[in-house]
Amino acid sequence: DVKVTQSSRYLVKRTGEKVFLECVQDMDHENMFWYRQDPGLGLRLIYFSYDVKMKEKGDIPEGYSVSREKKERFSLILESASTNQTSMYLCASSSTSGRGNEQFFGPGTRLTVL
Amino acid sequence: EDKVVQSPLSLVVHEGDTVTLNCSYEVTNFRSLLWYKQEKKAPTFLFMLTSSGIEKKSGRLSSILDKKELFSILNITATQTGDSAVYLCAVKDLIKAAGNKLTFGGGTRVLVKP
């Protein structure tokens, strides 16, 4: 079974803090994604990566950056957290081959910025 | 820009009822449409549809795609309380296939009462 894990289930930070959200997958997937999920807005793609050290902006990259130094790990960074970044953050991964359209999701990190 | 709209936003039914969820999309170069179920945590994959008129079925859930009218429906028959969840629809654009990027709709929240 594919497993995608995220470093924290719940996180509370203060405005201006630097925040790291970590995601690890164990299925050797090439592609990894970071979404945020807000009521009524569904999942919105922040950044994705299709290879180590490669990254592409999604639909809402402002205020975020990412890092993919190893294939299994994809980090989301909030350089200076703001209250409008309070949200549920979901990481996902998928394979380029086989049933490549399916993305496997982690359990999510609920981030609150005070 | 790819767009996915789900309706209704939410609905409440009683056990045993049948539920029909709608997903309409605008995608420049359609490749596939996916349905996910999200309970308290990570979305889990239900179906992937690529061809019009071919019903996909899994137990009490079924889904069909209409590529001419640009929509899909997800049916749940004989609903149970365990079907309570947010159902997400997502589409994949053929041209933007790098990294298997998906565009998600806002989701439909289903509550099944005993």
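The structure this text deals with has already been given above.
Fair warning: this is a prediction, and the values are worked out from it, not measured in the lab.

Rules used throughout
Residues numbered from 1 in each chain as written. Chains lettered and ligands numbered in written order. Predicted model: local features only at pLDDT ≥ 70, side-chain atom pairs only at ≥ 80, totals over all residues. Heavy atoms only, no water. Pairing = 2+ DSSP bridges. Helix = DSSP H or I, 4+ residues; strand = E, 2+ residues; numbered from the N terminus. Contact = heavy atoms within 4.5 Å. Buried area = accessible area lost by both parts, 1.4 Å probe. Salt bridge = Lys/Arg side-chain N within 4 Å of Asp/Glu carboxyl O. Polar contact = N/O pair within 3.5 Å; in protein donor to acceptor, adjacent residues only side chain to side chain. Phe/Tyr/Trp six-rings, centres within 6.5 Å; stacked < 30°, edge-to-face > 60°. Buried < 20%, exposed > 50% of the residue type's maximum accessible area, 1.4 Å probe, protein only. Axes fitted to C-alpha atoms, helices over the stretch in contact; angles between N-to-C directions. Disulfide = S-S within 2.5 Å.

Engineer: Would you mind going over the pairing of strand β7 (residues 65–70) of chain A with me for this structure?
Structural biologist: Residues in a regular strand project their side chains so that they alternate between the two faces of the sheet. All names here are of chain A. With 4 bridges connecting them, β7 and strand β8 (residues 73–78) associate as antiparallel partners. In the strand pairing of β8, K70 is matched with R73. The antiparallel hairpin formed by β7 and β8 contains 2 residues in its connecting segment.

Engineer: Looking at this structure, how should I read the interface of chain A and chain B?
Structural biologist: Interface size, as often reported, equals the accessible area lost upon joining of the parts. Between chain A and chain B, the residue contacts involve 25 residues of the former and 20 residues of the latter. Interface area for chain A against chain B, summed over the two sides, is near 1800 Å², with a carbon-plus-sulfur share of 58%. Taken together, the links from chain A to chain B amount to 0 salt bridges. There are 2 residue pairs in polar contact (both at pLDDT 80 or more) connecting chain A and chain B. Those elements that place two or more of their residues in the side of chain A that touches chain B are β4 (31–38), β5 (42–49) and β9 (87–94) of chain A.

Engineer: Which parts of the structure should I look at to understand the packing of aromatic side chains?
Structural biologist: Any aromatic ring pair is given by two values, namely how distant the centres are and how the planes are angled relative to each other. By the definition in use, this model includes 10 aromatic pairs over all chains. Considering the side-chain rings of F105 of chain A and Y36 of chain B, the 5.5 Å spacing of their centres and the 90 degrees angle between planes classify their relative orientation as edge-to-face. On the criterion of chain membership, the pair formed by F105 of chain A in strand β10 (residues 104–105) and Y36 of chain B in strand β4 (residues 30–38) is interchain, its members lying in two chains. For F105 of chain A, a relative accessible area of 8% corresponds to the buried category. For Y36 of chain B, a relative accessible area of 0% puts it in the buried group.

Engineer: Honestly, the sheet that holds strand β3 (residues 19–25) of chain A in this entry has me stumped. Any pointers?
Structural biologist: Sheet strands associate in pairs through backbone hydrogen bonding, adopting either a parallel or an antiparallel arrangement. All names here are of chain A. Taken in spatial order, the 4 strands make up an open sheet running β1-β3-β8-β7, and their pairing is antiparallel. Edge positions in the sheet fall to β1 (4–6) and β7, since each of these pairs with one other strand and no more. Geometrically, the sheet is characterised by an average inter-axis angle of 20 degrees between neighbouring strands, direction not taken into account. Two strands pair when backbone bridges link them, and β1 and β3 are joined in this way by 3 bridges, in the antiparallel orientation. Across the sheet, Q6 pairs through a bridge with C23, a residue of β3.

Engineer: Sorry, what's going on with the sheet that holds strand β6 (residues 56–58) of chain B here?
Structural biologist: All names here are of chain B. Judged by pairing direction, the sheet is antiparallel, and its 5 strands sit side by side in the order β1-β3-β8-β7-β6 without closing on themselves. Among the strands making up the open sheet, the edge pair consists of β1 (3–7) and β6. Adjacent strand axes in the sheet meet at a mean angle of 15 degrees, parallel and antiparallel pairs treated alike.

Engineer: Help me out: how do you make sense of the pairing of strand β11 (residues 108–113) of chain B in this one?
Structural biologist: Residue and element names in this part refer to chain B. The alternating pattern of β11 places T108, V110 and V112 on a buried face and R109, L111 and K113 on a face that is not buried. Sheet analysis places strand β9 (residues 85–93) next to β11, joined by 3 bridges and oriented antiparallel. In the strand pairing of β11, Y87 is matched with T108.

Engineer: In this structure, what is going on with the state of the cysteines? I would like to understand it.
Structural biologist: By definition, a disulfide is the covalent link that joins the sulfur atoms of two cysteine residues. Counted by the stated rule, this structure contains 2 disulfides over all chains. There is a disulfide in this structure between C23 of chain A and C91 of chain A, and the S-S distance comes to 1.8 Å. Taking the torsion about the S-S bond as the criterion, the C23 of chain A to C91 of chain A disulfide, at about -75 degrees, is left-handed. You can see C23 of chain A sitting in strand β3 and its partner C91 of chain A sitting in strand β9, a full 68 residues away along the chain. Overall, the relative accessible area of 0% leaves C23 of chain A in the buried class. On the basis of relative accessibility, which here comes to 0%, the residue C91 of chain A falls in the buried class. Between the sulfur atoms of C23 of chain B and its disulfide partner C89 of chain B the distance amounts to 1.9 Å. The disulfide joining C23 of chain B to C89 of chain B has a torsion of about -65 degrees about its S-S bond and is therefore left-handed. Of this pair, C23 of chain B sits in strand β3 (residues 19–26) while C89 of chain B sits in strand β9, and the two are 66 residues apart along the sequence.

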